[in-house]
Amino acid sequence: MSVSGKKILIAVSGGIAAYKVHFLIRDFIKQGAEVQVIMTPDAEHFVTKLSLATLSKKPVYSDFYDNNGTWNSHVELALWADLMIVAPCTANTLSKMIHGMCDNLVIATYMSAKCPVFIAPAMDLDMYAHPSTKMNLELAESYGHFIIPAENGELASGLIGQGRMAEPATILSTVENYVTDVTVERSLEGKTVLITAGPTYEAIDPVRFIGNHSSGKMGFSLAEEASKRGAKVILISGPSSQTLTDKNVELHKVTSAKEMLAKVFEFYDKIDIGIASAAVADYAPKDIAKEKIKKNDENLTIELVKNPDILKTMGEKKTHQFLVGFALETQNEEENAKGKLQKKNLDMIVLNSLRDEGAGFKNDTNKIKIFTKTEKREFDLKSKGEVAKDILNFVESQLLK
Ligand code: C5P
């Protein structure tokens, strides 16, 4: 489920990372959220109320009173919010939040808030590593708040280390995934989703095959997540050791690409969304030996013929289906992914690069970029369960357009 319609209170404190808040506001507004910004007096040295107000489409407050004598009620602001995000959260603001040092509008609003609070700390590496910061972050977690950890990289001081505020896209997807988890909204109710998963095995003889290392984890995670959101899910998987915990997912096991193609087209007319996460073998032996091939000769030649491209065929026969493909690339990643989006007549493509550690085959984690014809979004390295949420959130946001 997306954050569409949610009331997001963003509290900005005084650090250089405040510049990233412009992008954060824009991203939330783009997703259909309502955004109210408040800021500490120090934050005004880094970003202007005018730019934040223009992007959020609401006046920005930094004090209890305005020049014209109006009272900005911290209690009203706090109770209005469905979610509060403190970004960037400086060491000073973090410490005040934890200890109730209520000397500005941000802290008074925070202390009045009953909604979930997300904290995106940003500070120099030594401040971030300081025992007091660590303790304050632990205390924040014990208060039930969500920490979006600072990232590693170059800092404003010129030093390199952990302390950069998480990227706006990371903050957005953390909040989106939280909203999905708590609302367990049946946001895909009434939709039928078909997912292909795993490798295919192309028989050489009765005991041997050509295959690949795909585990099927990504496709199984997508199937479970889509089912949790109320979709009717048809999962067509090649040989995989994955198991399903959700009994509502309809699992069809196949072996070869040809079998997968045939199974997909048993259902194709009736589906709303098709997600092809299977690593289909591109070639299959021309003839399958009836008996086990003996090792008589020094060399063995097996003639291979091209397998059907299942997703491309789905694209060619598309009438109303929203189609999502995957691209696993090792070079010219973005160009190749965008090329496939076009060539296979897809609505969206998920790129994972084998250059990214922890991404792609076999791993429990994945790092993706998503492309549509007009949009691009990058995500951090996450568990495949979290990646499945990101992908389905994106699909849902496209269906709403
Ligand atoms: O062309 P390439 O194999 O890189 O495209 C990858 C995408 O196409 C994936 O979504 C994959 O599931 C799908 N595909 C397919 N049938 C094939 C080859 C790829 O459905 N024979």
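Rules used throughout
Residues numbered from 1 in each chain as written. Predicted model: local features only at pLDDT ≥ 70, side-chain atom pairs only at ≥ 80, totals over all residues. Heavy atoms only, no water. Helix = DSSP H or I, 4+ residues; strand = E, 2+ residues; numbered from the N terminus. Buried < 20%, exposed > 50% of the residue type's maximum accessible area, 1.4 Å probe, protein only. Contact = heavy atoms within 4.5 Å. Pairing = 2+ DSSP bridges. Axes fitted to C-alpha atoms, helices over the stretch in contact; angles between N-to-C directions. 1 Å grid on protein atoms, 1.4 Å probe; cavity = no way out; pocket = protein on both sides within 12 Å on 5 of 7 lines; lining within 4 Å. Points joined across faces, edges and corners; volume = space filled by probe spheres on them. Parallel < 35°, antiparallel > 145°, perpendicular 65-115°, else oblique. Left-handed = near helix turned anticlockwise from the far one by under 90°. Nonpolar A, V, L, I, M, F, W, Y, C, P; charged D, E, K, R; others polar.

(A) View of the overall build of the chain. Counting its secondary structure elements, the chain contains 13 helices and 21 strands. On the principal axes, the C-alpha backbone points of the chain span a range of 90 × 45 × 35 Å. Within the chain, the fraction of its 401 residues that count as buried is 52%. Put simply, of all contacts in the chain between residues at least 6 apart along the chain, 66% involve residues at least 24 apart.

(B) Layout of the sheet that holds strand 3 (residues 83-89). With parallel pairing, five strands are arranged side by side in an open sheet as 2-1-3-4-5. Across the chains shown, the open sheet's two edge strands, defined by having one partner strand only, are strand 2 (34-39) and strand 5 (146-147). Direction of pairing for strand 1 (residues 7-12) relative to strand 3: parallel, over a ladder of four bridges. Residue pairing in the sheet places Ile10 in a bridge with Ile85 of strand 3. Set on the sheet, helix 1 (residues 21-30) makes contact with strand 1, strand 2 and strand 3; between it and strand 1 the angle comes to about 180°. Contacts between helix 4 (residues 91-99) and the sheet are confined to strand 3 and strand 4 (117-121), with strand 3 contributing the most and set at about 140° to the helix.

(C) Structural detail: the sheet that holds strand 8 (residues 192-197). The mixed open sheet is built from eight strands, whose spatial order is 12-11-8-13-16-17-19-20. Either end of the sheet is taken by a strand with one partner, and the two such strands are strand 12 (250-253) and strand 20 (376-378). Direction aside, the axes of adjacent strands within the sheet are offset by 15° on average. Packed onto the sheet, helix 9 (residues 217-228) meets strand 8, strand 11 (232-237), strand 12, strand 13 (273-276) and strand 16 (322-329) and runs at close to 170° relative to strand 11. Strands strand 13, strand 16, strand 17 (348-353), strand 19 (369-371) and strand 20 of the sheet are contacted by helix 13 (residues 384-399), whose axis makes an angle of about 140° with strand 16.

(D) Quick look at empty space enclosed by the protein. Enumeration according to the criterion identifies two cavities of 30 Å³ or more in this entry. Estimates place the volume of the largest cavity at around 50 Å³.

(E) Spatial organisation of the packing of helix 9 against helix 13. The contact between helix 9 and helix 13 brings their axes to 8 Å, and the two run at 60°. The orientation of helix 9 with respect to helix 13, classified from their angle, is oblique. When you trace helix 9 past helix 13, the crossing you get is right-handed. Counted together, Lys217, Met218, Ser221, Leu222, Glu225, Ala226 and Lys228 of helix 9 and Lys384, Gly385, Val387, Ala388, Lys389, Ile391 and Leu392 of helix 13 form the full contact between these two elements. Classifying every residue of the contact of helix 9 with helix 13 gives seven nonpolar, two polar and five charged.

All we've got here are geometric facts, nothing functional implied.
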